Amino acid sequence: MPRISGGSAVCALCREPLRPDDDAVVTPDFLADDTDPFFPYSDAAMHRACFAVWDRRKAFIAHFNRIAERFTAGEG
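Comments concerning the overall build of the chain
Helix and strand content of the chain: three helices and two strands. Seen in sequence order, the chain has helices and strands lined up from the N terminus as α-β-β-α-α. Contacts in the chain between residues at least 24 apart in sequence constitute 46% of all its contacts with a sequence separation of at least 6.

Have a look at this one:
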């Protein structure tokens, strides 16, 4: 991801900078509704360690999967 390789990304969870060599999770831009509680985590980068212990991780993944189903074609 260019923002990480450029050194300008910030973890959406801990708000600390992401360095180019950090292990990161990068989410796609899957939400357009800025009132969605997970909107700040759409098109976002996070330290993998932060994401692993995030108390809303399972809810976020379930929400992402529900949204992603809408974008899947009939046969995948």
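There's plenty left to go through after this.
Examining the pattern of salt bridges
Here the structure, examined in full by the defined rule, presents three salt bridges. A salt bridge links R19 to D21, with the shortest nitrogen-to-oxygen separation between them at 3.6 Å. Here R19 and D21 have matching classes, each one exposed. With a closest N to O distance of 2.9 Å, D23 and R48 form a salt bridge. Placement of the pair is D23 in the loop between α1 (2-5) and β1 (24-26) and R48 in helix α2 (residues 48-53), with a sequence separation of 25 residues. Exposure remark for R48: the relative accessible area of 40% places this residue in the partly exposed category. Salt bridges here are not isolated pairs; linked through shared partners, they connect R19, D21 and D22.

Observations concerning the packing of aromatic side chains
What the rule picks out here adds up to eight aromatic pairs. Summarising the aromatic geometry, the rings of F38 and F60 are spaced 5.6 Å apart at their centres and angled 70° between planes, so their arrangement reads as edge-to-face. Placement of the pair is F38 in the loop between β1 and β2 (45-47) and F60 in helix α3 (residues 57-71), with a sequence separation of 22 residues. The same class applies to F38 as to F60, namely buried. When the centroid spacing of 5.5 Å and the interplanar angle of 50° are considered together, the rings of W54 and F60 count as tilted.

A closer look at the confidence of the model for the chain
When pLDDT is averaged along the chain, the result is 88; 84% of the residues meet or exceed 70. Taking the mean pLDDT of every element in the chain, the minimum, 56, falls on α1 and the maximum, 98, on α2.

Observations concerning the side chain of H47
Secondary-structure assignment places H47 in strand β2. Side-chain polar atoms of H47 contact the side chain of D22, separated by 3.4 Å. Once you skip the residues sitting within four places of it in the chain, H47 turns out to touch C11, C14, E16, P17, L18, D22, D23 and A24.

Scoring rules and cut-offs
- Residues numbered from 1 in each chain as written.
- Predicted model: local features only at pLDDT ≥ 70, side-chain atom pairs only at ≥ 80, totals over all residues.
- Heavy atoms only, no water.
- Helix = DSSP H or I, 4+ residues; strand = E, 2+ residues; numbered from the N terminus.
- Contact = heavy atoms within 4.5 Å.
- Salt bridge = Lys/Arg side-chain N within 4 Å of Asp/Glu carboxyl O.
- Buried < 20%, exposed > 50% of the residue type's maximum accessible area, 1.4 Å probe, protein only.
- Phe/Tyr/Trp six-rings, centres within 6.5 Å; stacked < 30°, edge-to-face > 60°.
- pLDDT = per-residue confidence, 0-100.
- Polar contact = N/O pair within 3.5 Å; in protein donor to acceptor, adjacent residues only side chain to side chain.

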